[in-house]
Amino acid sequence: GFVAFGDYFLFGKTFSQPEVACLGGVVVGAVIYAYTDLSYDRVGYSWMFVNAVIFVVAQLYEKQAISSSQQTPVGIGIVQNLLSLPILFVFGGYLMKEEPSQQLTETDNWIRIAIFLTGIVGCSLNL
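Residues numbered from 1 in each chain as written. Predicted model: local features only at pLDDT ≥ 70, side-chain atom pairs only at ≥ 80, totals over all residues. Heavy atoms only, no water.

### A look at the overall build of the protein
Counting its secondary structure elements, the protein contains 6 helices and 0 strands. The N-to-C order of helical and strand elements in the protein reads α-α-α-α-α-α. If you take every contact in the protein between residues at least 6 apart in sequence, the share linking residues at least 24 apart comes to 58%. (Helix = DSSP H or I, 4+ residues; strand = E, 2+ residues; numbered from the N terminus. Contact = heavy atoms within 4.5 Å.)

Structure below.
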């Protein structure tokens, strides 16, 4: 929802009435969920707010950068995937408690296939 607000105010994008109704439904649903959350934690919601702000800023900056770029959509997708690799390696290495190869050998083949396919699909979303 906030990315749509940014699109409207920063890029002048207009939305149809059904799109506005859907965005309203998302916002109302989020408010209802937050209000009825049984395990409400102010610190947790604060971190979620920070995450949401960073996500919205990143999405709006990305739209601005892409619109002013001479790159093809596939080229932009490849650059985005490559830029995510350092973050993956840093946090992946930091958060690993055991050797990844040991965990992978103890995993069922169907789970390995699912992990591989999710990675492929995730990278393909940018293309």
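### Section: the environment of Ala-65
By the secondary structure assignment, Ala-65 is in helix 3 (residues 42-67). Sequence separation of Ala-65 and Ile-76 is 11 residues, and the distance between their C-alpha atoms is 10.0 Å.

### Some details on a nonpolar patch on the surface
On the surface, Val-43, Trp-47, Phe-49, Val-50, Val-53, Ile-54 and Val-57 cluster together into a nonpolar patch covering about 720 Å² of accessible area. Take Ile-54: it is sitting in helix 3. (Patch = residues over 30% accessible without salt bridge, like charges linked within 9 Å, V, L, I, M, F, W, Y side chains within 5 Å. Areas by Shrake-Rupley, 256 points an atom, 1.4 Å probe, with all protein chains shown as cover. Salt bridge = Lys/Arg side-chain N within 4 Å of Asp/Glu carboxyl O.)

### Description of the packing of helix 1 (residues 2-11) against helix 3
Each pair of packed helices can be summarised by the angle the axes make with each other and by the distance between the axes. Relative to each other, helix 1 and helix 3 sit at 40°, their axes nearing to 9 Å. Taken together, helix 1 and helix 3 sit at an angle that is classed as oblique. In the crossing of helix 1 with helix 3, the sense of the turn from one axis to the other is right-handed. In contact with Phe-2, Val-3, Gly-6, Asp-7, Leu-10 and Phe-11 of helix 1, helix 3 contributes Phe-55, Val-56, Gln-59, Leu-60, Lys-63 and Gln-64. Across the contact of helix 1 with helix 3, the residue classes tally to 7 nonpolar, 3 polar and 2 charged. (Axes fitted to C-alpha atoms, helices over the stretch in contact; angles between N-to-C directions. Parallel < 35°, antiparallel > 145°, perpendicular 65-115°, else oblique. Left-handed = near helix turned anticlockwise from the far one by under 90°. Nonpolar A, V, L, I, M, F, W, Y, C, P; charged D, E, K, R; others polar.)

### Here's the deal with the packing of aromatic side chains
Geometry of an aromatic ring pair is reported as the spacing of the ring centres plus the angle between the planes. Inspection of every chain in the model, using the stated rule, returns 2 aromatic pairs. Between Tyr-8 and Phe-9, the aromatic rings sit 5.0 Å apart at their centres with planes inclined by 80°, giving edge-to-face as the arrangement. (Phe/Tyr/Trp six-rings, centres within 6.5 Å; stacked < 30°, edge-to-face > 60°.)

### Some remarks on the side chain of Asp-37
As for its placement among the helices and strands, Asp-37 is situated in the loop between helix 2 (17-36) and helix 3. For Asp-37, which is buried and forms no salt bridge, the nearest opposite charge comes from Arg-42, at a distance of 13 Å. (Buried < 20%, exposed > 50% of the residue type's maximum accessible area, 1.4 Å probe, protein only. Lys, Arg positive; Asp, Glu negative; His and termini not counted.)

### A closer look at the pattern of salt bridges
A full pass over the atoms with the stated rule returns 1 salt bridge. Linking Asp-7 and Lys-63 is a salt bridge whose minimum nitrogen-to-oxygen distance equals 2.7 Å. Of the two residues, Asp-7 is situated in helix 1 and Lys-63 in helix 3; the sequence distance between them amounts to 56 residues. Looking at Asp-7, the relative accessible area reads 6%, which means it is buried.

### Comments concerning the confidence of the model for the protein
Looking at the protein as a whole, the pLDDT averages 82, with 88% of positions reaching at least 70. Per-element averaging of pLDDT across the protein places helix 5 (residues 100-105) at the bottom with 67 and helix 2 at the top with 90. (pLDDT = per-residue confidence, 0-100.)

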